[in-house]
Amino acid sequence: MQTNRDGHAGVETSLSGVCSIGKAVEYRSLYFAGKSADGRTPPSNTRRPVLLLGGTSISIEDQKELLLYLQEAGLDVASIETPMGGLFDIGINPMKLRPLCMCDFIERLKTANRIQGLDIIAHSYAAFEVVRTLSDAPLTYRHLVRSILLINPPGFKERTGFAAHASQTIGGHIVRGLMEMVWRRFTWGRGTGGDARPGTRSFAEREIHGIVAMSAKGMKNPVRTIREIKDIVTYKLARPIQTLCSRYGYDFNLFLNADDRMVPVAETLRVVRHILPPQNIKVVAGGHNDILFQQWQRAEFLSFLESIRARKPI
């Protein structure tokens, strides 16, 4: 696997893994070393990268800004993107494909990059492949995976239907969010330079970009998107996470945005407060995809991630 140390264009490589069903699956991946404050690549003593996994209809391009932010903080970073397929690729099963690609990539990180530890950051639906993978082989990954940080994960509400979740996603996040941001794009203050704080046009423009990018990719293969939504309302995370924590000692953490329209934070907190200690849960302002498309909560996110990485292993 190639390693690019500048973190800019051309860092992706295409890798082929072989699924258990015997079919070769190609996915995109990247890995690059962290940078010190002066821009030089620091020596990697711990070989402990962070693996960022995107949720439904999130591409590597959507994750790059956050990846570069983490790299500039000195962290080695990695990410993968599973194939979305096209309109007629109805055979793609994300429930099987995503965990298989994740397992294959971790094995490549172990052999090609000789990592000694791994912190997994899973945004939204990506929490499902993480929990499934660790639950299927908890002892295999226990000493490699040092922590898991879930960002706005679904799967904690006890009862939810397909129509209800689709309505929250399409009606609340996409339609309402897009209309609101288009309106505010022309009414909010201009902001100066790269200012993208809430209340500026730059913030609205970033939000519009994020909604359009996610929607366009989701419509590229509607069958896969529908399967992911069905999985979201069917698979529940609470019990397997509780087992992974209590029986195997995994370190699960949650970073939640209080203004999330797709996965209401109150529903998640109602369950996770009985599973995880308070120091493992961080709630900040913002929406479902803000950590990827907006800048204003990244310092808070990095601080939380660094506190997690600083913990002594159990």
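Residues numbered from 1 in each chain as written. Predicted model: local features only at pLDDT ≥ 70, side-chain atom pairs only at ≥ 80, totals over all residues. Heavy atoms only, no water.

**Describing helix α7 (residues 222-234)**
(1) Moving on: For α7, built from 13 residues, the straight-helix expectation of 18 Å at 1.5 Å per residue is met to within 8% by its first-to-last C-alpha distance of 18 Å.
(2) Moving on: The complete set of buried residues in α7 reads Arg224, Thr225, Glu228, Ile229, Asp231, Ile232 and Val233. (Helix = DSSP H or I, 4+ residues; strand = E, 2+ residues; numbered from the N terminus. Expected span 1.5 Å × (residues − 1). Buried < 20%, exposed > 50% of the residue type's maximum accessible area, 1.4 Å probe, protein only.)

**Details of the pairing of strand β7 (residues 252-257)**
(1) Moving on: The buried fraction of β7 amounts to six of the six residues, a majority that puts the element mostly inside the structure.
(2) Moving on: Residues Phe252, Leu254 and Leu256 of β7 are buried on one face, and the alternating residues Asn253, Phe255 and Asn257, pointing to the opposite face, are buried as well.
(3) Moving on: Relative to β7, strand β6 (residues 145-151) runs parallel, the two sharing four bridges. Across the sheet, residue Leu150 finds its bridge partner in β7, namely Leu254.
(4) Moving on: Direction of pairing for β7 relative to strand β8 (residues 281-284): parallel, over a ladder of four bridges. Looking at the pairing, Asn257 lines up with Val284 of β8.
(5) Moving on: Taking the sense of rotation as the criterion, the β-α-β connection linking β7, helix α9 (residues 265-272) and β8 turns out right-handed. (Pairing = 2+ DSSP bridges. Right-handed = clockwise from strand over helix to strand, strands pointing away.)

**Some words on the nonpolar core**
As a rule of thumb, soluble globular proteins bury nonpolar side chains together.
(1) Moving on: Residues Leu134, Ile241 and Phe252 are the most contacted members of the largest nonpolar core, which totals 48 residues.
(2) Moving on: In contact with Ile241, not counting residues within four places along its chain, are Val131, Leu150, Phe156, Phe252 and Ile275.
(3) Moving on: Among the nonpolar cores identified, the runner-up in size contains 24 residues, and Val77, Ile121, Leu292 and Phe301 belong to it. (Core = buried A, V, L, I, M, F, W, Y, C linked by side-chain atoms within 4.5 Å. Contact = heavy atoms within 4.5 Å.)

**Structural notes on the packing of aromatic side chains**
(1) Moving on: All told, the structure shown has five aromatic pairs when counted by the stated rule.
(2) Moving on: With a centroid separation of 5.4 Å and 55° between ring planes, the pair formed by Phe128 and Tyr235 is classed as tilted. Of the two residues, Phe128 is situated in helix α3 (residues 126-136) and Tyr235 in the loop between α7 and α8 (238-248); the sequence distance between them amounts to 107 residues.
(3) Moving on: We classify Phe128 as buried; its relative accessible area is 0%. (Phe/Tyr/Trp six-rings, centres within 6.5 Å; stacked < 30°, edge-to-face > 60°.)

**Describing the packing of α3 against α8**
(1) Moving on: Where α3 meets α8, the axes come as close as 10 Å, and the angle between the chain directions of the two elements is 50°. Relative to α8, the element α3 is oriented oblique. Between α3 and α8 lies a crossing whose hand is left-handed. Where α3 approaches α8, its residues Val131, Leu134 and Ser135 are matched on the opposing element by Pro240, Ile241 and Leu244. (Axes fitted to C-alpha atoms, helices over the stretch in contact; angles between N-to-C directions. Parallel < 35°, antiparallel > 145°, perpendicular 65-115°, else oblique. Left-handed = near helix turned anticlockwise from the far one by under 90°.)

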